[in-house]
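Topology and contacts: notes
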Amino acid sequence: MNKNHNLFVALRAAFPADLDALAVETDEGQCYSWRDLDRASAMMANLLQSLDIPPTPDGMPPRVAVQVDKSVEAMMLYLATLRAGFVFLPLNTAYQQAEIEYFIGNAEPAVVVCTGANFPWVSQIAFQAGTRHVFTLNTDRSGSLLERASHCSDEQTPVVRQPEDLTAILYTSGTTGRSKGAMLSHGNLLSNAVMLKDYWGWQPGDVLIHALPIFHVHGLFVAIHGALLNGSQMLWHAKFDPKRVIADLPRATVFMGVPTLYVRMLAESALTKKQAAHMRLFISGSAPLLIETFHDWQARTGHTILERYGMSETIMLTSNPYVADARYRNQGERRGGTVGFPLPGVSLRVVDDAGAPLPAGEIGNIQVKGPNVFAGYWRMPEKTAEEFSIDGFFKTGDVGRQDEQGYVTIVGRSKDLIISGGYNVYPAEVEGYLNDMPGVAESAIVGVPHPDFGEVGVAIVVPRPGATLDGGALLAGLKDRLANFKIPKRCFIAPELPRNTMGKVQKNLLRDAHKTLFAPD
Ligand code: MCA
Ligand code: AMP
């Protein structure tokens, strides 16, 4: 008999027997039972399947592009997309028209879901790109998606899928050129979620505080799959607010955040050992956790943050141990400044620029292989080929070392990338927009340390001969075109950019020159 490897089947099998038990409670006091999750996702899946979407020539399942504010209904839409066997394409709510135009043009979704407020411009882009179905979904549960789904049956059998079948496309910006869509399969997502359930010791009675956005791997996959696969209740925060998270700690056991969330909670006097006493596990990832934050958290709460490392292309790759566990050959403790051990099933190696493996302790390029690693970039076979070694390891673009015990430390990136508050900003993309502005000859964007976001972008712009430029005006001009987190926090006008003898811009000199710009006094 053909087993159904649809990820939803595994998630649904983990729902508790009592379907009327509480599954999600929102920060506005709304409560959803497991039956609500099941029924509503069935109704939305039936709606998607009723649309009679014609097969595409490449045989790929239909894509559902979603740019909506965080809500439980948005999570249900994700589950519905899995059930229908379609492909989920989440989009950051900060993305502006030009960015959305690119994603829709590139992914050719059959269905687009946006907020009512954005419907006029999103639908125009979508219809022009050939999308026939554009629905709206608002945080007050209004909009055409739920209205249409309410007429559909609340029973649905998940469409049969194989482990290698595509189920999500996550766009990650490219170091050069446009964003690339990382293609993740049911098998990628399920294998990672099942392994993390065990590795992080998910247990009966766990309650997750969910305070991250749900359009990236961290909030969408790591957090949601973790809770669902354990049949665990979620305390659902529509937006991160440090005070509200701290207030919920006594009712929860697990929290996941990017380092900025920990930094902001540490600034609150309400964060105490007593307040955090009920918690079992604090997990950090998506950006480097400063060792000071690691120690401050230990001192203030008595808990040791577990840092892990992952990517959109691979989901989770390494993790500090939850407990020393002989099965995983982890004898150690959670070590600050490291991202822990390669997860079970993940092969990780550190290689030199020629691809030769390096001995323990030496710094080089991190490459990975495993059931969690994506199949390739959407419609970019050449880019995919470039990013894999001949023997099938994915080149992460991260630079690090692995010690004798197996702990991995990330020391930098070979890709020109800034990670700001857990969001990725590719300088090449922002420089491209700046260089197109009137009077701009060229520009460079570098990442500098920032006490809140960890790292932020700073722009250095060279005017064309005879032109007079104003840094503030240039940044204001970028705001209409790019997501707000990509806008550099400062812009300097300079007569030229420092270059080496090969003519390459020496970004390290610019980084050095501006490294104390945001240093606390
Ligand atoms: C907001 N702003 C930012 C950022 N967020 N600037 C730089 N970097 C940011 N991350 C700016 C806005 O542009 C705006 O500026 C001002 O701050 C206020 O915006 P608002 O939206 O109100 O900010 P916030 O609510 O305080 O958001 C901060 C945040 C958020 C909560 C830290 O950035 C966030 O949720 N980050 C988490 C991202 C995440 O989930 N990453 C996981 C990726 P202005 O007013 O001038 O416009 S998955 C991943 O990386 C891999 C796979 C992994 O390992 O997990
Ligand atoms: P994304 O493109 O959003 O999937 O971001 C993936 C990148 O985030 C990785 O390639 C790393 O550079 C970075 N990253 C994720 N987790 C960590 C971590 N714990 N420490 C340092 N960098 C991290």
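In what follows, the accompanying structure is described.

1. Let's talk about the site of ligand 1
Near ligand 1, the surroundings consist of 25 residues, among which Lys239, Arg264, Ser286, Arg308 and Ser420 are the closest. One of the side-chain nitrogen or oxygen atoms of Lys239 is found 2.5 Å away from an oxygen atom of ligand 1. At 3.4 Å from an oxygen atom of ligand 1 is found a main-chain nitrogen or oxygen belonging to Asn484. Expressed as a share of its isolated accessible area of 1000 Å², the protein-covered part of ligand 1 is 76%. For the shell around ligand 1, the secondary-structure elements that each account for two or more residues are helix H8 (217-229), helix H10 (259-266) and strand S13 (306-311).

2. Quick notes on the site of ligand 2
Among the 15 residues in the neighbourhood of ligand 2, the closest are listed as Arg308, Ser312, Asp398, Lys415 and Asn424. One nitrogen or oxygen atom from the side chain of Asn424 is found 2.6 Å from an oxygen atom belonging to ligand 2. The fraction of the free accessible surface of ligand 2 (500 Å²) that becomes covered by protein chains is 92%. Sort the elements by how many residues they give to the shell around ligand 2 and S13 lands first, with 5 residues. Partitioning the shell around ligand 2 into residue classes produces 6 nonpolar, 4 polar and 5 charged.

3. Quick word on the sheet that holds strand S24 (residues 454-463)
Here 3 strands make up an open sheet; going across it, the order is S23-S24-S25 and the pairing mixed. At either margin of the open sheet sits one strand with a lone partner, and together these are strand S23 (440-450) and strand S25 (490-493). Across the sheet, the axes of successive neighbouring strands diverge by a mean angle of 25 degrees, strand direction being ignored. Two strands pair when backbone bridges link them, and S23 and S24 are joined in this way by 10 bridges, in the antiparallel orientation. Across the sheet, Ile445 pairs through a bridge with Ala459, a residue of S24. Of the strands in this sheet, S23 and S24 are in contact with helix H13 (residues 427-435), which crosses S23 at around 145 degrees. Most of the contacts of helix H14 (residues 471-479) go to S25, to which it runs at about 130 degrees, and overall it touches S23, S24 and S25.

4. Description of the side chain of Lys70
If you trace the backbone, Lys70 turns up in the loop between strand S3 (63-67) and helix H3 (72-84). Within the buried set, Lys70 has no salt-bridge partner at all; the shortest N-O distance to an opposite charge, 7.7 Å, is to Asp27. Among the polar contacts listed, one links the side chain of Lys70 to the side chain of His210, at a separation of 2.8 Å. Dropping the residues within four chain positions of it, Lys70 is found in contact with Thr139, His210, Ala211, Leu212, Ile214, Trp236, His237 and Ala238.

5. Quick notes on the environment of Thr115
Relative to the helices and strands, Thr115 is located in the loop between strand S5 (111-114) and helix H5 (119-128). In sequence terms Thr115 and Gln97 are 18 residues apart; their C-alpha atoms lie 14 Å from each other. The contacts of Thr115, once residues within four sequence positions are left out, are Gln67, Val68, Asp69, Thr136, Leu137 and Asn138.

6. Considerations on the sheet that holds strand S16 (residues 347-351)
The strands that make up a sheet are held in pairs by hydrogen bonds between backbone atoms, and each pair lies either parallel or antiparallel. An order of S16-S17-S19-S20 is seen for the 4 strands of this open sheet, with the pairing classed as antiparallel. With partners counted over all chains shown, the strands left at the sheet margins are S16 and strand S20 (408-413), one partner each. Taken pair by pair, the neighbouring strands of this sheet meet at an average axis angle of 45 degrees, ignoring direction.

7. Some remarks on the nonpolar core
Within the largest apolar cluster, 157 residues are counted, with the highest numbers of intra-cluster contacts made by Leu37, Val113, Trp200, Phe221, Phe255 and Met256. With residues up to four places along the chain from it excluded, the contact list for Leu37 reads Phe15, Ala23, Val24, Val72, Met75, Met76 and Leu228.

8. Re the packing of aromatic side chains
With the rule as written, the count across this model stands at 19 aromatic pairs. Between Phe388 and Phe394 the ring centres are 5.5 Å apart and the planes differ by 50 degrees, which places this aromatic pair in the tilted class. In this pair, the class of Phe388 matches that of Phe394, namely buried. Each residue in the set Tyr95, Tyr102, Phe103 and Tyr171 is aromatic and connected to the rest through ring pairs, giving one cluster. Seen from the ring of Trp236, Lys70 lies directly overhead, with NZ or CZ sitting 4.8 Å from the centre. When the ring centre of Tyr407 is taken as origin, the NZ or CZ atom of Arg335, which lies over that ring, is 3.8 Å away.

The rules we used
Residues numbered from 1 in each chain as written. Chains lettered and ligands numbered in written order. Predicted model: local features only at pLDDT ≥ 70, side-chain atom pairs only at ≥ 80, totals over all residues. Heavy atoms only, no water. Near = heavy atom within 4 Å. Polar contact = N/O pair within 3.5 Å; in protein donor to acceptor, adjacent residues only side chain to side chain. Areas by Shrake-Rupley, 256 points an atom, 1.4 Å probe, with all protein chains shown as cover. Helix = DSSP H or I, 4+ residues; strand = E, 2+ residues; numbered from the N terminus. Nonpolar A, V, L, I, M, F, W, Y, C, P; charged D, E, K, R; others polar. Pairing = 2+ DSSP bridges. Axes fitted to C-alpha atoms, helices over the stretch in contact; angles between N-to-C directions. Contact = heavy atoms within 4.5 Å. Buried < 20%, exposed > 50% of the residue type's maximum accessible area, 1.4 Å probe, protein only. Lys, Arg positive; Asp, Glu negative; His and termini not counted. Salt bridge = Lys/Arg side-chain N within 4 Å of Asp/Glu carboxyl O. Core = buried A, V, L, I, M, F, W, Y, C linked by side-chain atoms within 4.5 Å. Phe/Tyr/Trp six-rings, centres within 6.5 Å; stacked < 30°, edge-to-face > 60°. Lys NZ or Arg CZ within 6 Å of the ring centre and 35° of its normal.

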